[in-house]
Amino acid sequence: MTARIYAAPPHISALQRRWDDFLTKIETRFHETLDEAEPALVDMLTDDNNSIVAIQHAWSGIRTQLQQLVSRIDDTWSDSLRRQMMEYLPGDANGDWLIEQERGSTLETRLHDQLDLREIVIMGRVGERLRTEAMASETLTFACKQCRAPLHVTTDLFTAHYETCQYCSTITTYEPSTRIRSVEWFATDALARWRTLDAWHALRQASEAVRAARGPATESLLLAREHAHKAYYRSFLEARIAVNSAHAATFDADLARYERELIALPGR
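Definitions and limits used
Residues numbered from 1 in each chain as written. Predicted model: local features only at pLDDT ≥ 70, side-chain atom pairs only at ≥ 80, totals over all residues. Heavy atoms only, no water. Helix = DSSP H or I, 4+ residues; strand = E, 2+ residues; numbered from the N terminus. Buried < 20%, exposed > 50% of the residue type's maximum accessible area, 1.4 Å probe, protein only. Contact = heavy atoms within 4.5 Å. Salt bridge = Lys/Arg side-chain N within 4 Å of Asp/Glu carboxyl O. Phe/Tyr/Trp six-rings, centres within 6.5 Å; stacked < 30°, edge-to-face > 60°. Expected span 1.5 Å × (residues − 1). Bend = angle between axes of the 7 residues up to and from the residue. Core = buried A, V, L, I, M, F, W, Y, C linked by side-chain atoms within 4.5 Å.

Chemist: Please clarify how the overall build of the protein chain should be interpreted in this entry.
Modeler: What the protein chain contains, in helices and strands, is seven helices and four strands. Overall, the protein chain shows an N-to-C arrangement of helices and strands of α-α-α-β-β-β-β-α-α-α-α. Of all 268 residues assigned to the protein chain, the portion counted as buried reaches 38%. In the protein chain, 65% of the contacts between residues at least 6 apart in sequence involve partners at least 24 apart.

Below, the structure written as structure tokens:
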């Protein structure tokens, strides 16, 4: 028996070309915007404490713009193309428009993942530059509270700590400046996320495997996600300590908090 071959009419082919062109334009614009974002954000770095707030506001606007751009994929499909393709394709050719729908969904998911990835990379690079410049420009001496002799910051520039005066033996508290505290607040997590990208990718892949499972996810998939979740947050918290040792004091509590998130994950 000869297999029945469905030949799409010209208007369907035109619809498919329009859909393909639309998806290409969305992806192109998405990457162009991201490629323009990083140098623009870096150019906003100044000695002003407010530059960190300005960078965060600017990135929030860029992220919202890109999320709205990506949402146009589903909006365009749902509002017009799906109905038109279903109208012209016969019942036994529904697979054709389902394939087109899946192309849009796949691109939408990939762009959301890429947005999250580029945010980690861009904020990590911004944080690294902020921290490097702060360490180079910050005054590394302060006055002894007793004899006013200059004391040198010998341990962590970003954390309050005690220094002993070599002249009068008085213990004086070093307090980071407002600018240094702002840099530490922004840069520590940004650098830790950037330095643990491999573990982040592994968690994303394990989570996507659970989401894409047909029917309830298998126990092996759920366990793989659980292991990836724990491995990522342990790596992230250890990377935070490497940036600022003060976070070692809260490591156990922070890890327990992240592990409690497992209870709320889909499938559990």
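Chemist: How should I be thinking about the pattern of salt bridges in this particular structure?
Modeler: Oppositely charged side chains may form a pair once their charged atoms are brought near each other. Scanning all chains against the criterion turns up 16 salt bridges. Linking arginine 63 and glutamate 119 is a salt bridge whose minimum nitrogen-to-oxygen distance equals 2.5 Å. Of this pair, arginine 63 sits in helix H2 (residues 50–88) while glutamate 119 sits in helix H3 (residues 94–137), placing them 56 residues apart in sequence. Looking at glutamate 119, the relative accessible area reads 25%, which means it is partly exposed. Across the pair arginine 211 and glutamate 208 runs a salt bridge, and its minimum N-O distance is 2.6 Å. With a gap of three residues between them, arginine 211 and glutamate 208 both fall in helix H5 (residues 197–212), about one helical turn apart. One salt-bridge network, in which partners are shared between bridges, spans Arg63, Asp113, Asp116, Glu119 and Arg204.

Chemist: Quick question: what am I supposed to make of unusual backbone geometry here?
Modeler: Glycine aside, negative phi is the norm for most residues, and most peptide bonds take the trans geometry. With phi around 65°, arginine 148 is a residue other than glycine that occupies positive phi space. At serine 169, a position not held by glycine, the phi torsion is positive, near 65°. In this fold, serine 169 is placed in the loop between strand S3 (161–164) and strand S4 (171–174).

Chemist: Please clarify how the packing of aromatic side chains should be interpreted in this entry.
Modeler: The description of an aromatic ring pair rests on the distance of the ring centres and on the angle between the ring planes. Counting across every chain of the model gives six aromatic pairs. Centroid distance tyrosine 232 to phenylalanine 236: 6.2 Å. Interplanar angle 20°. Geometry classified as stacked. Here tyrosine 232 pairs with phenylalanine 236, and both are found in helix H6 (residues 219–243), just four residues apart, close to one helical turn. Take tyrosine 232 and phenylalanine 236: they sit in the same class, and that class is buried. Taken together, the ring pairs connect Tyr232, Tyr233, Phe236 and Tyr258 into an aromatic cluster.

Chemist: Is there a simple way to think about helix H4 (residues 178–194) in this case?
Modeler: One full turn of an α-helix is made of 3.6 residues, so residues set three or four places apart face in the same direction. Here H4 contains 17 residues, and its C-alpha end-to-end distance of 24 Å stays within 8% of the 24 Å for a straight helix at 1.5 Å per residue. In H4, a bend of some 30° at alanine 187 exceeds every other bend along the element. Of all the residues in H4, the buried ones are Arg179, Ile180, Val183, Glu184, Phe186, Ala187, Thr188, Ala190, Leu191 and Ala192.

Chemist: Could you clarify how one ought to interpret the nonpolar core in this entry?
Modeler: Side chains of a nonpolar character, in soluble globular proteins, are inclined to be buried together. Membership of the largest hydrophobic core comes to 47 residues, with the highest contact counts inside it found for Phe30, Trp59, Ile73, Met123 and Val126. A per-element tally of this core places H2 first, with 11 residues. Discounting residues that sit within four places of it in the chain, tryptophan 59 has contacts with Leu34, Ala37, Leu41, Leu115, Glu119, Ile122 and Met123.

Chemist: Explanation requested: the environment of serine 169 in the structure shown.
Modeler: Judged by its relative accessible area of 54%, serine 169 falls in the exposed class. For the pair serine 169 and glutamine 146, spaced 23 residues apart in the sequence, the C-alpha separation amounts to 9.2 Å.

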